[in-house]
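# Reading the structure
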Amino acid sequence: MNKGKCFLVGAGPGDPGMLTLRGREALERAGVVVYDNLANPELLGFAPAEAELIYAGKKPGDHAMTQGDINRLLVEKTKAGHLVVRLKGGDPFVFGRGAEEAEALAVAGLDFEVVPGVSSALAGPASAGIAVTRRGLNEEVTVFTGHQDPESAEGREFYRRLGARGGTLVMLMGLERLGGIAREMQKGGTSPDLPVAVVRRATMGDQVVVRGVISKIAAIVVKEGLRPPAIVVFGEVAAADHKLPGARPLSGRRIVVTRSRTQASKLAAALRDLGADVYEMPLIKREPPKDLREFAELVQDAHSYEWIVFTSANGVEAFFEIFDKLYNDAREIGGVRFAAVGLATAKSLKQRHYYVDLVAEDFHSDSLAETLRKETDVENVKILVVRPEETSGSLAVNLTKMGAIVDEAIAYRTVPETEDRTRARQRFSEEGADLIVFTSSSTVRNFFALKLPLPPDLKFASIGPVTTKTLAEFKAKPSIEAKTHDINGLVESILLSERS
Ligand code: SAH
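The notes below deal with the structure included here. Along each chain, residue indices are assigned from 1 in the same order as the chain's sequence is written. Reporting of local features is limited, given that this is a predicted model, to residues whose pLDDT is at least 70; pairs of side-chain atoms are given and counted only at 80 or more, and all residues count toward the totals for whole chains, interfaces and linings. Side-chain numbers come from the whole structure's heavy atoms, not from hydrogens or water.

### A word on the sheet that holds strand 7 (residues 168–172)
Test applied: When DSSP finds two or more bridges between two strands, those strands count as paired. In DSSP terms, a helix is any run of H or I states spanning at least four residues, a strand is any run of E spanning at least two, and both are numbered starting from the N terminus. To get an axis, fit a line to the C-alpha atoms, keeping to the stretch in contact for a helix; angles then go from 0 to 180 degrees between the N-to-C directions. Residues count as neighbours in contact if any of their non-hydrogen atoms are within 4.5 Å of one another.
The sheet built from 5 strands is open, its strands ordered 6-7-10-8-9 with mixed pairing. Every other strand in the sheet has two partners, leaving strand 6 (141–145) and strand 9 (208–213) as the edge strands with one partner each. In this sheet, adjacent strand axes meet at a mean angle of 20° when their direction is disregarded. Relative to strand 9, strand 8 (residues 195–200) runs antiparallel, the two sharing 6 bridges. When the bridges of strand 9 are listed, Pro 195 appears paired with Val 213. In the packing of helix 5 (residues 153–163) onto the sheet, the strands contacted are strand 6 and strand 7, and the crossing angle to strand 6 comes to about 165°.

### What about a nonpolar patch on the surface?
Our working rule: Nonpolar side chains (Val, Leu, Ile, Met, Phe, Trp, Tyr) within 5 Å and like charges within 9 Å form the patches, drawn only from residues with over 30% relative accessible area and no salt bridge. For the area figures, the Shrake-Rupley method with a 1.4 Å probe applies, and any residue is considered shielded solely by the protein chains shown. We count a salt bridge whenever a side-chain nitrogen from Lys or Arg sits within 4 Å of a carboxyl oxygen from Asp or Glu.
On the surface, a cluster of nonpolar side chains totalling about 300 Å² of accessible area is made up of Phe 95, Val 141, Val 143 and Met 173. In this fold, Val 143 is placed in strand 6.

### What to know about helix 11 (residues 343–351)
Note the threshold: Burial here depends on accessible area, computed with a 1.4 Å probe over protein chains only, as a share of the maximum for the residue type. Under 20% is buried, over 50% is exposed, and the range in between is partly exposed. This arc is taken over the directions from the axis of the helix to the C-beta atoms.
For helix 11, every residue scored as buried is listed here: Thr 345, Ala 346, Ser 348 and Leu 349. Taken around the axis of helix 11, the buried residues stretch over an arc of 155°, which confines them to a single face. Helix 11 presents Lys 350 and Gln 351 as exposed residues on the side facing more than 90 degrees away from its buried surface. Check the buried side of helix 11 and you find it contacts strand 14 (307–310), helix 10 (313–326), strand 15 (337–341) and strand 16 (358–360). Where helix 11 ends, the next residue or the one after it, His 353, has phi of about 65°, a positive value.

### Things to note about the packing of helix 10 against helix 11
Applied cut-off: When describing relative orientation, an angle under 35 degrees is termed roughly parallel and one over 145 degrees roughly antiparallel, while 65 to 115 degrees is termed roughly perpendicular and anything else oblique. In this count, Pro and Cys sit with the nonpolar residues alongside Ala, Val, Leu, Ile, Met, Phe, Trp and Tyr, while Asp, Glu, Lys and Arg are called charged and the others, Gly among them, polar.
At their nearest, the axes of helix 10 and helix 11 sit 7 Å apart, and the two run at 30° to each other. Between helix 10 and helix 11, the interaxial angle falls into the category roughly parallel. Packed against helix 10, whose contacting residues are Ala 313, Val 316, Glu 317 and Phe 320, the element helix 11 presents Ala 344, Thr 345, Ser 348 and Leu 349 at the interface. A breakdown of the residues in the contact of helix 10 with helix 11 according to their chemical character gives 5 nonpolar, 2 polar and 1 charged.

### Here's the deal with the sheet that holds strand 1 (residues 5–10)
Strands sit in the order 3-2-4-1-5 across an open sheet of 5 strands; the sheet is parallel. Each having just a single partner strand, strand 3 (52–55) and strand 5 (111–115) make up the two edges of the open sheet. Averaged over neighbouring strand pairs, the angle between their axes works out to 15° when direction is ignored. Judged from the 6 bridges that link them, strand 1 and strand 4 (residues 83–88) form a sheet pairing that is parallel. Within the sheet, the bridge partner assigned to Val 9 lies in strand 4 and is Leu 87. Running at roughly 140° to strand 1, helix 1 (residues 21–28) makes contact with strand 1, strand 2 (32–35), strand 4 and strand 5 of the sheet. Packed onto the sheet, helix 3 (residues 98–107) meets strand 1, strand 4 and strand 5 and runs at close to 170° relative to strand 1.

In structure tokens form, the structure reads like this:
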């Protein structure tokens, strides 16, 4: 039996937070994702790591897929039994040719479902502080496409009719024809003083809003050098006096987060909450250690130690991934006590419902040995140190010097991320960013190894002195260094610097 199904999913206008829950569910189960250039590629992060990602938009110097190609691709992949997500900007049925795709699937007798999206026709005005309806100002909203040529007979007729219509009118596409369109609308009866707002890249960090009256707007758009994608709002509601307040503190800032994908979400979410346009460019990932068997054996014997010291949250993850496979009962860990280097490491243990007996707040794991000695007599005490391959063994050496009996469990290694599934590196090169955030030295090194061209006004943020020092190796000086060296501290410092 063929179980293939295609979801035509509206990706929303750009801000990844505007994808629907249903859309996210479909993405999380996808085997194949076919996405447009207007769909925010950050959303691809919801797809399973093994999903096939197919870009159906234009690449520079490359031909776009034709609508026929896309229809055939959707039919072929669905027929093959995949769960296919067709991710389309805005709403799939608002000037997105979604109907043709749905028809192609229906004709082929395939199962499909439409997941509506937040259209730029409504989100575009809203993100510029324009309410498309206002009691007393208008009683209708018209959404139209500006793809018809205003110099043609049909075009003239079409735009004049719209000009006679009144109410709020929202135009999608056709920015380059705005002059002719505005002229025909005025011939149709629109007052030359009708307020107009143009919103480019609505809901994205680099959103631009330009205002004017209909008789002058085309010249303003040319002067400002505005390019698509943009929506144009015609109507009283677009007047500057009706603009609603509402910008968030980091609105308009494009921030790149460079942690591994599994770690990045908290930082990205906090920055997005503050209004930033965040995109994730993972530069590192966690891989099993070279000797996984040896690590697994140490995990198996974990109960035989008095203390287990974790030096990173990743170490906690790697440890319990194995522990949970080996044992079905958390009590198998026995009476062992836990020590953590850093608050994030401690938090990771707490989230697993383990009490953390000792935390060294200082990031240097050497200080943990001191803290532990103050706490207890370590003479002849059996300690297991869980750490990544790439750090030094100095913690174990120090503990041994103090008389402890120490084993080291090499839990994982941090390697450069080679994939760019969400095309973040390309986006960085083409569109730039305002700020790039580094949370470790390894992300700094891997970033500079990529040799991406740096946007002229790019600023750097660092989580603390160690990362800052590594940045200096590459002649980069962060304009922001977190006061407390964790994610909250970092977000706070970014916010402070934006306010000053
Ligand atoms: N289905 C989409 C529209 C596709 S047509 C939707 O519902 O939003 C493409 C046009 O949509 C663009 O030319 C532009 O006019 C508009 N558009 C899409 N995303 C936009 C955005 N983030 N900001 C401004 N306009 C956008």
